[in-house]
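Structural characterization, general
For reference, the chains in residue letters:
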Amino acid sequence: MRKDLRVGSAVAASGEAVSGTLDLGTSFVPFTIFNGARDGAVLALVAGNHGYEYPPILALQMLRPRIHPRKLAGAVIMVHVANMPSFLGRTVYFSPLDQKNLNRVYPGKADGTPSEKIAHAITTEVIDQSDYLLDLHCGDGNESLRPYVYQTVTADAALNTRIAELVAHCGFDHMVIDRGRPRDPAASVYCSNTAITRGKPAVTVEAGFLGVPDEKSSKMIASGVENVMRYLKIASGSAKRVKRPVFLDPAPVVTSPGTGLLYPCVKRDQNVKKGAVLARITDFFGRKIADVKAPVSGKVLYIVATPPIVQGQPVGCVGVPRKSL
Ligand SMILES: [Zn+2]
């Protein structure tokens, strides 16, 4: 038997699944608690920190009826759609309520803006009660992205090993190494880093692109989650470890020097040479503003592939494969 697990006003007894909603006034966050019959780890699954990223949201819809709490050791807490204002408002990157990027305001504030309130609720109600976290993303509505996970490297070698093992069981073979995440729990910025700065292994997962409700990407995320549940012994069965991981160092995100229209010149997952044109930017009269070029030779992790572009916003990211971590 496990003790009751409470999120907001919802309480799941041992062996029960209970769904509920965190009511934050300006928004609401739907969640499901799967409280296992036996003790074990608690895994948090967060979808929709970016509301235009559909495959992760649909992956949790696929998984919800497949998880049976009486068979679990430990628990799973699902956040079905973190950023409801962005989801229902169909906005890329930013909330329509406060123009903030939810995945840049963690751990949030109880008395903050709508996005800060969501981040605070997820931090205190979900992350604080969990041992592990998967933050599920894809290319946003404007981004054509190849699947990968972010592997965070911290100053703590033991935590790095635990993160690396979690990463190796997510079902993805491309690992983008992230060494630059903030180390202050009070300014963790990102959802997954909020768990990591609290000593809990976490991974940001990316599969899907361009606002497409792509079933293949959703299935890739769902099967990765199920493998992680087996790896953590929350679910029974043997977990698969990735066979040939490709580690990549991300070059700094390339941003646009001007506002206007963007024409992509490469595809996701394409190998490019340093200096290759990633995208052409024009003004509203068709005059070229700039060719945006690859800063390094490597693989296109994502490229913006819809026309609107604002000065300073991302155009794409190239990853440089490396021999090992
Ligand atoms: Zn995202």
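Bear in mind that the values here come from a model prediction, so they are computed numbers and not experimental data. Per chain, the residues get numbers from 1 upward, laid out in the order the sequence is written. Per-residue local features are limited, in this predicted model, to residues with pLDDT of at least 70; the limit for side-chain atom pairs, both in listing and counting, is 80 or more; totals at the level of whole chains, interfaces and linings are taken over all residues. With hydrogens and water excluded, all non-hydrogen atoms of the structure serve as input to the side-chain values.

With that out of the way, let us pick up the pattern of salt bridges. Criterion for a salt bridge: a side-chain nitrogen of Lys or Arg within 4 Å of a carboxyl oxygen of Asp or Glu. Under the defined criterion, the tally for this structure stands at 13 salt bridges. Salt-bridge contacts for Arg 198 lead to Asp 128; the nearest nitrogen and oxygen are separated by 3.7 Å. In this pair, Arg 198 is assigned in the loop between α5 (191-196) and β11 (202-206) and Asp 128 in the loop between α3 (114-125) and β7 (132-137), connecting sequence segments 70 residues apart. Partly exposed residues are those whose accessible area sits between 20% and 50% of the maximum for their type, while under 20% is buried and over 50% is exposed, using a 1.4 Å probe and protein chains only. The partly exposed category is assigned to Arg 198, whose relative accessible area is 29%. Numbering goes from the N terminus for both helices and strands, where a helix is a DSSP run of H or I of at least four residues and a strand is a run of E of at least two.

This part takes up the domain arrangement of the protein. Domain extents, as shown, originate in an automatic or database domain assignment. What the domain assignment reports for the protein is domain 1 (5-231) and domain 2 (251-320). When each unit is reduced to the centre of its C-alpha atoms, the spacing between domain 1 and domain 2 is 28 Å. With 13 residues of domain 1 at the interface, the matching set in domain 2 holds 12 residues. Two parts placed together each lose some accessible area; with a 1.4 Å probe, that loss summed over both constitutes the buried area. Of the roughly 1100 Å² buried where domain 1 meets domain 2, counting both sides, 59% is carbon and sulfur surface. In this description, contact between two residues means that some pair of their heavy atoms is separated by no more than 4.5 Å.

With respect to the helices and strands, the residue Lys 233 is situated in the loop between α6 (215-231) and β12 (246-250). The class of Lys 233 is exposed, set by a relative accessible area of 62%.

Around the zinc ion, the donor atoms from the protein are His 50 (ND1), Glu 53 (OE), Glu 53 (OE) and His 137 (ND1), and they sit 2.0 to 2.4 Å away. A donor here means an N, O or S atom no more than 2.8 Å from the metal, or no more than 3.2 Å when the metal is Na, K or Ca. Since water is not included, a site may seem to lack partners. A four-donor site is classed as tetrahedral when every donor-metal-donor angle falls between 85 and 135 degrees; four donors are called square planar, and six octahedral, when trans pairs exceed 155 degrees and all remaining angles lie between 65 and 115, with any other arrangement labelled irregular. With four donor atoms in place around the zinc ion and angles of 57 to 143° between them, the coordination shape is irregular.

The subject of this paragraph is the nonpolar core. In this description, a nonpolar core means a group of buried Ala, Val, Leu, Ile, Met, Phe, Trp, Tyr and Cys residues linked to one another through side-chain atoms lying within 4.5 Å. Ranked by size, the top nonpolar core spans 72 residues in total, and within it Leu 43, Ile 122 and Leu 134 carry the most contacts. Residues contacting Leu 43, with those up to four places away along its chain left out, are Ala 75, Val 76, Ile 77, Ser 130, Tyr 132, Leu 133, Leu 134, Val 228, Met 229, Leu 232 and Ile 234. Judged by nonpolar contacts, the second largest core, of 16 residues, contains Tyr 93, Val 266, Leu 278 and Val 304.

The next point concerns the sheet that holds strand β14 (residues 260-264). Any two strands with at least two DSSP-identified bridges between them are counted as paired. Pairing is antiparallel across the open sheet formed by four strands, whose spatial order is β17-β16-β14-β19. Across the chains shown, the open sheet's two edge strands, defined by having one partner strand only, are β17 (288-293) and β19 (308-309). Of the strand pairs in this sheet, β14 and β19 are connected by two bridges, and their pairing is antiparallel. Considered in β19, the bridge of Leu 261 is made with Pro 308.

Our next topic: the side chain of Ser 188. Assignment of secondary structure puts Ser 188 in the loop between β10 (174-178) and α5. Once residues lying within four places of it in the same chain are set aside, the contact partners of Ser 188 are Tyr 106, Pro 107, Pro 182, Asn 193, Thr 194, Thr 197 and Arg 198.

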